[in-house]
Amino acid sequence: MRKLLSLTLMALAGSSVFAGGYRVAMQGQKQLAMGHTGVAVVNSAEVAFFNPAGMAYLDKKFNVSVGANALFANVKFQNSTYNWTAESKNVGTPFSVYATYKLNDWLTAGLAVYTPYGSAVDWDQDWEGAHLVNNIDLQAIFVQPSVSVRLGEHFSLGGGVIYASGSVNFNRNLSMNPLLSDDGQPSDVTIDAKGITAWGYNLGMMFNPTDKIRLGMNYRSKILMEARGGDADFNDVPGFVANDPRFQDQKFDADLPLPAEFTAGLSVQITDKWMVAFDINHTMWSTYKALDVKFSNGTESINPRNYKDASTYRFGTQYKANDKFTFRAGYYFDESPVQDGYYAPETPRNDSNAFTGGLTYQLNDKFGIDVSFLYIHFDEIDNSYDHSTDPISGQANPSFGGTYKSVVFSPGIGITYGF
C-alpha cells in the first residue's frame, strides 16, 4: 500500500500534468494556437497567466477571455516477452477564465482561473499492471489574482499569489500474488483525497526595447500540496489478512511538491500583420527526489523519484489577415523529467513533439471567437517501473515494463471581450 500511495500522489506532482503523465499546457486559446508561447506576447487577458507584467500593455480598459478544451488521450502498452497488450482512452476538459482591469495608466489588476490538472487514466480492471494502477482521476483548479505596474513606456513588473485546490481518486490491486484475493477477485484499494490546498506565487517582467520587440520573463514558485486525512478503502481482502492493520480502511497524509518553473521569451512584430514568438520553459523537477507517506496505523514510507530538470522549447506565429480573421500556428518540444526505471503506467510519458494551430474571428471591435487545436506525439518508449513492493512479503516485485505509445489531440474554443 505504501508504494501504491506514492505512485498515486506522484500524479499530482507536476506543473500542467494531466492524468497519465501528459505534460499538456492549455492555458488559453490564442496562446495555445501559437505553440503555447506567451511570456512576451500581449494578445488578450490570457497574458494574466503567461506573464502578469504584460497586463499593463493591453489596449482596452477591461478584458475577458474564457475558453475550454476537449482533451483526447490514448496510451497503448505492449510487453512483447509475455504478449501483454493494453490500452487506455480518456477524455479531459480543461478550462480557463481570465480578466483584467486597468485601474489607471500605470496599474492594472487581473484574475486567472484555470485547470492545470483534470483528466483520467482508465486501464482495464485487473490487467497485467493492476498492481501499479487500474484507474486514476485528477481534478484541480488554480486561482491566481495579480497586479501589473507599468514603469514608463518600455518596462513593467507583475505578480501575485496562486491558490491551488485539488482532489485525487485512484484504484489499484494490492498484489501480483493471486492468493491475495477473495472468491477469485483480486484485492484492491481505492485512494481518495479531497480538499487538497496550497499557496504559491508568480513574478514577471516585460521589456519593450522597441515598438517591434518584446522580451518577457516569468517565475512560478514551488507549491507544496499537503494531503491530510485522505481515505484508503480496501476491497476483496481475504480472511487470512482481514485483521492485518495494513489492509484495513484507514487515513493517510502526504506532501506533494509541485516544482518551480522559469519561462523566458521574446516576440517580434515583423510587419503590421505578422508576429513570431519564442519561449523556453525550464521546470526544476530535480526538487522531486522522494515522496514521504504517513499512515494512520503509524507506519511511514519514503519513496525515491529522482526526477531530473526538464525544459520545453516553444515557437509560435500569428498573422492578422484582416479586421475579421487572425491565424496562428506553433510547435513545441517537451523534454520528459522521468528517468529510466520510473516509468509507471499512470505516468508513461517520454519526450514529445506538439503541433498547434487556430484562428480568431472578430465579430466586432469588442467581441471575438477563438478556436485552437493541439496534437502531441510522444516518442515511443520501452521502459519499466522497478520500485514496487509486495505488501505481504515485503519483497520487491518484478520490474513491470514494456513499450508505451501515447498521443494527445485537443480541440478548443473560447471567446474574448473587451472595451
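Residues numbered from 1 in each chain as written. Predicted model: local features only at pLDDT ≥ 70, side-chain atom pairs only at ≥ 80, totals over all residues. Heavy atoms only, no water.

This brings us to the side chain of Asn-173. Topologically, Asn-173 is positioned in strand β10 (residues 155-173). At a separation of 3.1 Å, a polar atom in the side chain of Asn-173 contacts the side chain of Asp-126. Excluding its chain neighbours within four sequence positions, the residues that come into contact with Asn-173 are Gln-125, Asp-126, Ala-130, His-131, Asn-134, Pro-186, Ser-187 and Asp-188. (Helix = DSSP H or I, 4+ residues; strand = E, 2+ residues; numbered from the N terminus. Polar contact = N/O pair within 3.5 Å; in protein donor to acceptor, adjacent residues only side chain to side chain. Contact = heavy atoms within 4.5 Å.)

Throughout the structure, instances matching the rule amount to 21 aromatic pairs. Here Tyr-82 and Trp-84 contribute two aromatic rings whose centre-to-centre distance is 4.9 Å and whose plane-to-plane angle is 20 degrees, an arrangement assigned as stacked. Exposure remark for Tyr-82: the relative accessible area of 56% places this residue in the exposed category. When the centroid spacing of 5.3 Å and the interplanar angle of 55 degrees are considered together, the rings of Trp-285 and Tyr-307 count as tilted. Of this pair, Trp-285 sits in the loop between β18 (274-283) and β19 (290-295) while Tyr-307 is found in the loop between β20 (300-304) and β21 (310-320), placing the two residues 22 residues apart along the sequence. Of the two residues, Trp-285 and Tyr-307, neither departs from the other in class, the shared state being buried. (Phe/Tyr/Trp six-rings, centres within 6.5 Å; stacked < 30°, edge-to-face > 60°. Buried < 20%, exposed > 50% of the residue type's maximum accessible area, 1.4 Å probe, protein only.)

A separate point is the pattern of salt bridges. Considering all chains together, one arrives at eight salt bridges under this definition. Lys-30 is the salt-bridge partner of Asp-370, the closest N and O atoms lying 3.0 Å from each other. Of this pair, Asp-370 sits in strand β24 (residues 367-378) while Lys-30 is found in helix α2 (residues 29-33), placing the two residues 340 residues apart along the sequence. Asp-370 sits in the buried class, given a relative accessible area of 1%. In this structure Lys-30 comes out as buried when scored by relative accessible area, which is 6%. Across the salt bridge formed by Asp-192 and Lys-194, the nearest N and O atoms sit 2.5 Å from each other. For Lys-194, a relative accessible area of 60% corresponds to the exposed category. (Salt bridge = Lys/Arg side-chain N within 4 Å of Asp/Glu carboxyl O.)

Core analysis: the largest hydrophobic core is formed by 57 residues, its most contacted members being Trp-123 and Met-225. In this view, Met-225 contacts Ala-164, Gly-166, Ile-196, Ala-198, Ala-254, Asp-255, Leu-256 and Leu-258; residues no more than four positions away in its chain are not counted. Listed in part, the 10 residues of the second largest apolar core include Ala-73, Ala-354, Leu-374 and Val-408. (Core = buried A, V, L, I, M, F, W, Y, C linked by side-chain atoms within 4.5 Å.)

Attention now moves to the pairing of strand β7 (residues 107-114). Bridge count for strand β6 (residues 95-102) against β7 is seven bridges, and the pairing is antiparallel. Note that in β7 the partner of Ala-99 across the bridge is Leu-111. Counting the residues in the hairpin turn of β6 and β7 gives four residues. Sheet topology note: the β7/strand β9 (residues 135-151) ladder contains eight bridges and is antiparallel. Across the sheet, the residue bridging to Gly-110 is Ser-146, located in β9. (Pairing = 2+ DSSP bridges.)

This part takes up unusual backbone geometry. Of note, Asp-126 is a non-glycine position whose phi angle comes to about 65 degrees, a positive value. When you line up the elements, Asp-126 lands in the loop between β8 (120-122) and β9. Since its relative accessible area comes to 33%, Asp-126 is described here as partly exposed. One non-glycine residue, Asp-236, adopts positive backbone phi at about 55 degrees.

Attention shifts here to the pairing of strand β26 (residues 400-418). For strand β3 (residues 62-69) and β26, the ladder comprises seven bridges, and the chain directions are antiparallel. When the bridges of β26 are listed, Ala-68 appears paired with Ile-413. Here strand β4 (residues 71-79) runs beside β26; their pairing, made up of seven bridges, is antiparallel. When the bridges of β26 are listed, Lys-76 appears paired with Lys-405.

In this model, the largest pocket occupies a volume close to 1200 Å³. Lining of the largest pocket is provided by 44 residues; of these, Val-42, Asn-43, Asp-59, Gln-318 and Lys-320 occupy positions nearest its centre. Contributing elements (two or more residues each) for the lining of the largest pocket: β3, β14 (213-220), β17 (261-269), β21, β22 (325-334), β23 (352-362) and β26. Here the residues of the lining of the largest pocket are counted per class, giving 10 nonpolar, 17 polar and 17 charged. Size it by volume and the second largest pocket reaches roughly 210 Å³. Along the wall of the second largest pocket there are 15 residues; nearest its centre are Trp-127, Asn-173, Ser-175, Met-176 and Asn-177. For the lining of the second largest pocket, a count of residues per class yields seven nonpolar, six polar and two charged. (1 Å grid on protein atoms, 1.4 Å probe; cavity = no way out; pocket = protein on both sides within 12 Å on 5 of 7 lines; lining within 4 Å. Points joined across faces, edges and corners; volume = space filled by probe spheres on them. Nonpolar A, V, L, I, M, F, W, Y, C, P; charged D, E, K, R; others polar.)

Next up on the list: the side chain of Thr-100. As for its placement among the helices and strands, Thr-100 is situated in strand β6. When its relative accessible area of 2% is taken as the criterion, Thr-100 is described as buried. Excluding residues that lie within four positions of it along the chain, Thr-100 makes contacts with Ala-45, Ala-48, Met-55, Leu-58, Lys-61, Phe-62, Asn-63, Thr-108, Ala-109 and Gly-110.

With 91% of its residues at a pLDDT of 70 or more, the protein chain has an overall mean of 88. Confidence over residues 1-23 falls short of pLDDT 50; this stretch has 117 contacts with residues more than four positions distant or in other chains. (pLDDT = per-residue confidence, 0-100.)

With that settled, the discussion passes to the environment of Asp-334. Looking at where Asp-334 falls in the secondary structure, it is placed in strand β22. Once the C-alpha coordinates of Asp-334 and Arg-314 are considered, the two residues, 20 residues apart in sequence, prove to be 8.5 Å apart. Engagement of the side chain of Asp-334 in a polar contact is seen with the side chain of Thr-312, the distance being 2.9 Å.

Attention now moves to the environment of His-36. You can see His-36 is positioned in the loop between α2 and α3 (47-50). Sequence-wise, His-36 and Met-205 are 169 residues apart; in three dimensions their C-alpha atoms are separated by 18 Å. Beyond its immediate sequence surroundings of up to four residues, His-36 is in contact with Ala-25, Met-26, Gln-27, Gln-31, Phe-49, Phe-50, Asp-279, Arg-314 and Tyr-332.

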